[in-house]
Amino acid sequence: EDKVVQSPLSLVVHEGDTVTLNCSYEVTNFRSLLWYKQEKKAPTFLFMLTSSGIEKKSGRLSSILDKKELFSILNITATQTGDSAVYLCARRPSGTYKYIFGTGTRLKVLA
Amino acid sequence: NAGVTQTPKFQVLKTGQSMTLQCAQDMNHEYMSWYRQDPGMGLRLIHYSVGAGITDQGEVPNGYNVSRSTTEDFPLRLLSAAPSQTSVYFCASSQGRVEAGELFFGEGSRLTVL
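Going along each chain's sequence as written, the residues are numbered from 1 onward. Throughout, the order in which chains and ligands are written sets their labels, letters from A for the former and numbers from 1 for the latter. A pLDDT threshold of at least 70 governs which residues receive local features in this predicted model, and a stricter bar of 80 or more applies before side-chain atom pairs are shown or counted, although totals over entire chains, interfaces and linings include all residues. The basis for every side-chain value is the complete set of non-hydrogen atoms in the structure, without hydrogens or water.

A.B. asks: Break down the interface of chain A and chain B for me, with residues and values.
C.D. replies: Here, two residues are considered to be in contact whenever any of their heavy atoms come within 4.5 Å of each other. Taken together, the contact pairs 18 residues of chain A with 24 residues of chain B. By buried area we mean how much accessible surface two parts lose on assembly, using a 1.4 Å probe and totalling the loss over both. Of the roughly 1,800 Å² buried where chain A meets chain B, counting both sides, 59% is carbon and sulfur surface. Broken down residue by residue, the surface that chain A buries against chain B is led by Tyr-97, Tyr-99 and Phe-101 of chain A, which jointly contribute 35%. We count a salt bridge whenever a side-chain nitrogen from Lys or Arg sits within 4 Å of a carboxyl oxygen from Asp or Glu. Seen at the junction of chain A and chain B, the total is one salt bridge. Residues Lys-41 of chain A and Glu-107 of chain B are paired through a salt bridge, measuring 3.8 Å at the closest nitrogen-oxygen approach. In protein, a polar contact requires one atom able to donate a hydrogen and another able to accept it; more generally it is a pair of N or O atoms within 3.5 Å, and residues adjacent in sequence count only if both atoms are side-chain atoms. Summed over the shared surface of chain A and chain B, the number is four residue pairs in polar contact (both at pLDDT 80 or more). When the residues that make up the side of chain A that touches chain B are grouped by side-chain class, the tally is 10 nonpolar, four polar and four charged. The residue classification treats Ala, Val, Leu, Ile, Met, Phe, Trp, Tyr, Cys and Pro as nonpolar and Asp, Glu, Lys and Arg as charged. All others, Gly included, are polar.

Structure follows, in structure tokens:
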């Protein structure tokens, strides 16, 4: 079965902590992996990864893909309360138009 | 610059009623899709379209119909609403059918079926 598994399911940290969120998948065919942040409404785009080992970075957020080990991580350094959200990853397999989402990681950052 | 627009934002239905969730995008995107989001389940794909006149089923298509008569619009029809269809529905679009690009999401439609 082509699933996307995110861990942990939820996480509570204090401001200033660094967090690492994981996204793993089971099938090797691959077109892209995407990370989204969802607060109260629509998911907002963070990163798209297509190549293994190349880090994408935006401010305090960064992400990297490991196609050999079938996972991606999203790092957030110096967390702020505004980082509190559900973080979703999605994978689009090769040969399909379907994006498969994981269940998300709920991050809560305490002041 | 509206992006992806969904209407209505909230809807309450009785079991057996039908309704249509509207989705429109103004970015000339080929790819459009509908997801439902339930607690603990993430986003699950209902139907998608790769262009006008072309639609296909996702993971959870039962009880829903779609059509794509124009590039801009992708309505989702609930034929006979059931309580199991209580959910938040998101429409999302992407630029190309070939490129595995970013999905742009609407603000969501919260549907309650009594």
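A.B. asks: Can you lay out the sheet that holds strand β8 (residues 76-78) of chain B for me, pointing to particular residues and giving the numbers?
C.D. replies: Residues and elements named next belong to chain B. Here, a strand pair is defined by DSSP locating no fewer than two bridges between the strands. In this text, helices come from DSSP runs of H or I with a minimum length of four residues, and strands from runs of E with a minimum of two, each type numbered from the N-terminal end. Spatial ordering of the open sheet is given by β1-β3-β8-β7, a layout of four strands whose pairing is antiparallel. For this open sheet the edge positions go to β1 (4-7) and β7 (64-66), each flanked by a neighbour on one side alone. If you compare each strand with its neighbour and ignore which way they point, the axes differ by 20 degrees on average. Examined bridge by bridge, β1 and strand β3 (residues 19-25) share four bridges and lie antiparallel to one another. When the bridges of β3 are listed, Gln-6 appears paired with Cys-23. Axis definition: a line fit to C-alpha positions, over the contact stretch in the case of helices; interaxial angles, taken between N-to-C directions, run 0 to 180 degrees.

A.B. asks: Tell me about the nonpolar core, residues and numbers included.
C.D. replies: Grouped together as the largest cluster of nonpolar side chains are 22 residues, with contacts concentrated most on Leu-33, Trp-35, Tyr-87 and Leu-107 of chain A. Among the elements of the structure, β3 (19-25), β4 (32-38), β5 (44-49), β7 (61-66), β8 (71-76), β9 (85-92) and β11 (105-110) of chain A are those that each provide at least two residues to this core. Looking at this core element by element, the count peaks at four residues for β3 of chain A. Grouped together as the second largest cluster of nonpolar side chains are 19 residues, Tyr-36 and Phe-101 of chain A together with Tyr-35 and Val-88 of chain B included. As used in this record, nonpolar core signifies buried Ala, Val, Leu, Ile, Met, Phe, Trp, Tyr and Cys residues forming a set joined through side-chain atoms within 4.5 Å. For each residue, the accessible area found with a 1.4 Å probe, counting protein chains only, is set against the maximum for its type, and the residue is called buried under 20%, exposed over 50%, and partly exposed in between.

A.B. asks: Lay out the pairing of β8 of chain A in plain terms, naming residues and giving numbers.
C.D. replies: Residue and element names in this part refer to chain A. Burial of β8 is extensive: five of the six residues sit out of reach of the surface. Pairing between β7 and β8: six bridges, direction antiparallel. Paired with Ser-63 across the bridge in β8 is Leu-74. Where β7 hands over to β8, the hairpin turn is made up of four residues, of which Leu-70 adopts a positive phi near 60 degrees.

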